[in-house]
Amino acid sequence: MTICLLKSKIHRAAVTGASVDYEGSLTVDPDLAERVGLRAYEKILVGNLENGERFETYCIYGDAGSGAIELNGATAHLGKIGDRLTIMSYGHYSPVEADEAKPAVILLDEKNAIVRESGTVHC
């Protein structure tokens, strides 16, 4: 048996761009993604703190150091520039691993700079 737990969380990320014409996904600055162990093409659950929308998609990397958080494809209709998002990914853990697991979490400011971090990166 495995238990599905929160693995990675980027909290209060500010949307920096949106492109309806893109095929889909959420663009994330790889420096931010890697701080929480979020891999390119990993499935993510995203919650928009401004309008309550929640959606699943996958992460793609943008330019390192850019602070980019961009809604692509259909997700561009679920938010606007400046909206704050919570980006989450989950992992499957054995009961023993679950007892010790602590999600890697970063909290961002309005410019997507890290304000606080906690937990452990699990990849």
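The structure contained in this document is the topic of the report that follows.

## So, the nonpolar core
Counting residues in hydrophobic clusters, the biggest one holds 21 residues, and the most contacted among them are Ile-10, Leu-26, Val-28, Leu-38, Ile-69, Leu-85 and Ile-87. Ranked by residues supplied to this core, first place goes to strand β8 (residues 104-108) with three residues. Once residues lying within four places of it in the same chain are set aside, the contact partners of Ile-69 are Ala-13, Ala-14, Val-15, Thr-16, Gly-17, Leu-26, Thr-27, Val-28, Leu-32, Leu-85, Ile-87 and Asn-112.

## Describing the side chain of Ser-89
Tracing the chain through its elements places Ser-89 in strand β7 (residues 84-93). Among the polar contacts made by the side chain of Ser-89, one reaches the side chain of Glu-42 at a distance of 3.2 Å. Ser-89 has contacts with Leu-5, Leu-6, Lys-7, Ser-8, Leu-38, Glu-42, Lys-43 and Ile-44, leaving out every residue within four places of it along the chain.

## So, the packing of aromatic side chains
Tallied over the entire structure, the rule returns one aromatic pair. Ring centres 6.2 Å apart and planes at 25° place the aromatic pair Tyr-41 and Tyr-58 in the stacked group. Here the residue Tyr-41 occupies a position in the loop between α1 (30-35) and β4 (43-48), and Tyr-58 occupies one in strand β5 (residues 54-61), the gap between them amounting to 17 residues.

Parameters and conventions
Residues numbered from 1 in each chain as written. Predicted model: local features only at pLDDT ≥ 70, side-chain atom pairs only at ≥ 80, totals over all residues. Heavy atoms only, no water. Core = buried A, V, L, I, M, F, W, Y, C linked by side-chain atoms within 4.5 Å. Buried < 20%, exposed > 50% of the residue type's maximum accessible area, 1.4 Å probe, protein only. Helix = DSSP H or I, 4+ residues; strand = E, 2+ residues; numbered from the N terminus. Contact = heavy atoms within 4.5 Å. Polar contact = N/O pair within 3.5 Å; in protein donor to acceptor, adjacent residues only side chain to side chain. Phe/Tyr/Trp six-rings, centres within 6.5 Å; stacked < 30°, edge-to-face > 60°.

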